[in-house]
Amino acid sequence: MTYSGAVKVGGPADVHELTDLMISKVAVGPMDNNAYLLRCRATGEQLLIDAAAEPQTLLRLIGDDSIASVVTTHRHGDHWQALGEVVAATGARTYAGRHDAEGIPVPTDVPVDDGDTIRVGRVELTARHLVGHTPGSIVLVYDDPHGHPQVFTGDCLFPGGPGRTTRPEEFNSLMDGLETKVFDVLPDETWVYPGHGNDTSLGTERPHLAEWRARGW
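Residues numbered from 1 in each chain as written. Predicted model: local features only at pLDDT ≥ 70, side-chain atom pairs only at ≥ 80, totals over all residues. Heavy atoms only, no water.

## Examining the overall build of the protein chain
- In terms of regular secondary structure, the protein chain is built from 5 helices and 15 strands.
- At 16 Å, the protein chain has a C-alpha radius of gyration in line with the 17 Å of a compact globule built from 217 residues.
- Projected onto the principal axes, the alpha-carbon positions of the protein chain cover approximately 50 × 35 × 30 Å.
- Expressed as a percentage of the 217 residues in the protein chain, the buried residues total 52%.
- For the protein chain, contacts bridging at least 24 residues in sequence account for 52% of all contacts bridging at least 6.
- A total accessible area of about 9400 Å² is found for the protein chain, and carbon and sulfur atoms account for 49% of it. (Helix = DSSP H or I, 4+ residues; strand = E, 2+ residues; numbered from the N terminus. Rg over C-alpha atoms; globule rule 2.2 N^0.38 Å. Buried < 20%, exposed > 50% of the residue type's maximum accessible area, 1.4 Å probe, protein only. Contact = heavy atoms within 4.5 Å. Areas by Shrake-Rupley, 256 points an atom, 1.4 Å probe, with all protein chains shown as cover.)

Structure representation (structure tokens):
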């Protein structure tokens, strides 16, 4: 089956099979959050991005091989409701942006800074720190050596615009970060996995950057 990234709460995961990495996307919880299970195909090691809700759903997705780590993209509560139960069941090491860690009730084992590398088996993800949606939001970039990059944007970027901000300075900061750390350095073919809703690509969103700046959200 071709991966579409279209999932719904209560429905099955959608699996994106890359050469070195398998990405399983599932929707959970009352706010239709996306959680992503990454599996290194060479080693079988697994990493979960955002233990958002429905711990039993996530643990079924993880399966008997468990996970080595879980990354929380930012401090907002809808992205960590299941974190405590998932960590208790798996013993996974926790990662979060350094400036958001204090807002996440489950202790962060590894505070993440801009440019840090997070590994799942032989696969490397690069964290980029974006300020605006929260002080410590991180996006994760997988520069696939066999294809185009894959980027997990949390709530910093969605189809149709950046994540929610409350003040103009936050919006400008988020847009600056998205442009300099994401759009300016990654190609149009880059696949975007957001924290809610359907996937997109940088090429789909790039023509609208000026429009987003003008509207202010």
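Here the narrative resumes, following the displayed structure.
## A look at helix α3 (residues 168-183)
- For α3, the set of buried residues is Glu170, Phe171, Leu174, Met175, Gly177, Leu178, Val182 and Phe183. The arc that holds every buried residue of α3, seen down its axis, measures 165°, which confines them to one face.
- In this structure, the buried residues of α3 make contact with β9 (123-130), β10 (137-142), β12 (157-158), β13 (161-162), α4 (202-205) and α5 (209-215). (Arc of directions from axis to C-beta.)

## Details of the sheet that holds strand β2 (residues 21-28)
- Here 7 strands make up an open sheet; going across it, the order is β1-β2-β3-β4-β5-β6-β7 and the pairing mixed. In the strand order of this sheet, the two ends are held by β1 (14-17) and β7 (110-112), each with one partner. Across this sheet, the average inter-strand angle for adjacent strands is 20°, counted without regard to direction.
- Helix-sheet contacts for helix α1 (residues 55-62) involve β2, β3 (33-40) and β4 (46-49), and the interaxial angle to β2 is about 160°.
- Of the strands in this sheet, β4, β5 (69-72) and β6 (93-97) touch helix α2 (residues 83-90), which is tilted by about 165° from β5. (Pairing = 2+ DSSP bridges. Axes fitted to C-alpha atoms, helices over the stretch in contact; angles between N-to-C directions.)

## Quick word on the confidence of the model for the protein chain
- In the predicted model, the protein chain carries a mean pLDDT of 98, and 100% of its residues have values of at least 70.
- No element of the protein chain has a lower mean pLDDT than α5, which averages 97, and none a higher one than β4, which averages 99. (pLDDT = per-residue confidence, 0-100.)

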